[in-house]
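# Coordinates in review
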Amino acid sequence: MPADTYRTVARRASAGFEVRGSEFVGHVSPAETVEAAEAFVAEVEREYDDATHNVPAYRVRADPLREYANDDREPSGSAGKPALNVLQGEAVENVACVVTRYYGGTNLGYGGLVRAYSRATSEALEAARIVEERPHVRLSITVEYDDSGTVRGIIESSGNAFDAAYGERASFEVRVPIEEADELRDRLRSATSGRAEIE
């Protein structure tokens, strides 16, 4: 996978509106894998299981790029494809979207559905904020307590997000841009004389 930047969303968000009695709510989430995208879709479907439709669409950076959309019983091409078209038009990747619809009793027609599903996706993307991102890897680092302060200091100075856990040994989960990962590995190994276990 190339280490170039790509467009994605900064966080989860939702946005809703009403059209002729039908309520539409767009939900988007960052999703770095197909599994994460499908888990988000399943989570929204569970939370809004009383909705008339939950229409999913996602684009995930893989080799090749994975794109998926489903109309969830709306007329063919009127729901999932418009949602996916918005993701494609904004050129966002590693993004999952679900548009929830509560039917309000008035048929919107094919064009009305296309507009509503497109709008719900656009407004949710806007709420989630589109950002430039670089491909990342996750490093798991495990050390004895004697080395934990040194390791934590190096990770903090790298400016990358991390989680620390202190059990029998200290462990750190770090999210690092791909092109910086080797250098961070080298620094950690060097500072701990090779004692740091890095996966």
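Described below are features of the structure shown in this document. These figures come from a predicted structure and were not determined experimentally.

### Some thoughts on the packing of aromatic side chains
A complete count under the given rule lists 6 aromatic pairs for this structure. Summarising the aromatic geometry, the rings of Phe17 and Phe24 are spaced 5.8 Å apart at their centres and angled 20° between planes, so their arrangement reads as stacked. The same class applies to Phe17 as to Phe24, namely buried. Between Phe24 and Tyr117, the aromatic rings sit 5.3 Å apart at their centres with planes inclined by 90°, giving edge-to-face as the arrangement. With Phe24 in strand S3 (residues 22–30) and Tyr117 in helix H3 (residues 109–128), this residue pair connects regions lying 93 residues apart in the sequence. Given a relative accessible area of 0%, Tyr117 falls into the buried group. By way of ring pairs, the aromatic residues Tyr145, Phe162, Tyr166 and Phe172 are connected into one cluster. Its guanidinium or amino end placed over the ring of Phe17, Arg119 lies 3.7 Å from that ring's centre, counting from NZ or CZ.

### Notes on the sheet that holds strand S9 (residues 162–166)
A sheet is described by the order of its strands in space; here 4 strands give the open sequence S9-S10-S8-S11, paired in antiparallel fashion. Edge strands, defined here as strands with exactly one partner in the open sheet, are S9 and strand S11 (197–198). Both S9 and strand S10 (residues 170–177) contribute to a ladder of 5 bridges, which runs antiparallel. Residue pairing for S10: Ala165 is matched across the bridge by Ser171.

### So, the packing of helix H4 (residues 145–158) against helix H5 (residues 178–191)
Orientation of H4 relative to H5, taken along the N-to-C sense of each, is 155°, at an axis distance of 10 Å. Here H4 is positioned roughly antiparallel relative to H5, judged by the angle of their axes. Every pair of crossing elements has a handedness; the one defined by H4 and H5 is right-handed. Residues Thr150, Val151, Ile154, Ile155, Ser157 and Ser158 of H4 form the contact with H5, whose participating residues are Leu184, Arg187, Leu188 and Ala191. Partitioning the contact of H4 with H5 into residue classes produces 6 nonpolar, 3 polar and 1 charged.

### Digging into the pairing of S10
Alignment of strand S8 (residues 136–143) against S10, held across 8 bridges, turns out to be antiparallel. Its bridge partner being in S10, Val137 is matched across the sheet by Val176. The loop that links S9 with its antiparallel partner S10 comprises 3 residues.

### A look at the sheet that holds strand S4 (residues 53–60)
Taken in spatial order, the 5 strands of this open sheet run S2-S3-S6-S4-S5, and their pairing is antiparallel. Sheet topology places strand S2 (13–19) and strand S5 (66–69) at the edges, where each strand pairs with a single neighbour. Adjacent strand axes in the sheet meet at a mean angle of 15° when their direction is disregarded. Here 7 bridges tie S2 to S3, and the two strands are oriented antiparallel to one another. In the strand pairing of S3, Gly16 is matched with Val25.

### Observations regarding the nonpolar core
Phe24, Val28, Leu87, Val95, Val99, Tyr117 and Leu125 are the most contacted members of the largest nonpolar core, which totals 24 residues. Of all the secondary-structure elements, those providing two or more residues to this core are S2, S3, S4, helix H2 (80–89), strand S6 (95–102) and H3. By residue number, the principal contributor to this core is H3, which donates 7 residues. Listed in part, the 15 residues of the second largest apolar core include Ile141, Ile154, Ile155 and Leu188.

What counts and how
Residues numbered from 1 in each chain as written. Predicted model: local features only at pLDDT ≥ 70, side-chain atom pairs only at ≥ 80, totals over all residues. Heavy atoms only, no water. Phe/Tyr/Trp six-rings, centres within 6.5 Å; stacked < 30°, edge-to-face > 60°. Buried < 20%, exposed > 50% of the residue type's maximum accessible area, 1.4 Å probe, protein only. Helix = DSSP H or I, 4+ residues; strand = E, 2+ residues; numbered from the N terminus. Lys NZ or Arg CZ within 6 Å of the ring centre and 35° of its normal. Pairing = 2+ DSSP bridges. Axes fitted to C-alpha atoms, helices over the stretch in contact; angles between N-to-C directions. Parallel < 35°, antiparallel > 145°, perpendicular 65-115°, else oblique. Left-handed = near helix turned anticlockwise from the far one by under 90°. Contact = heavy atoms within 4.5 Å. Nonpolar A, V, L, I, M, F, W, Y, C, P; charged D, E, K, R; others polar. Core = buried A, V, L, I, M, F, W, Y, C linked by side-chain atoms within 4.5 Å.

Keep in mind that these numbers describe shape and distance, not what the molecule does.
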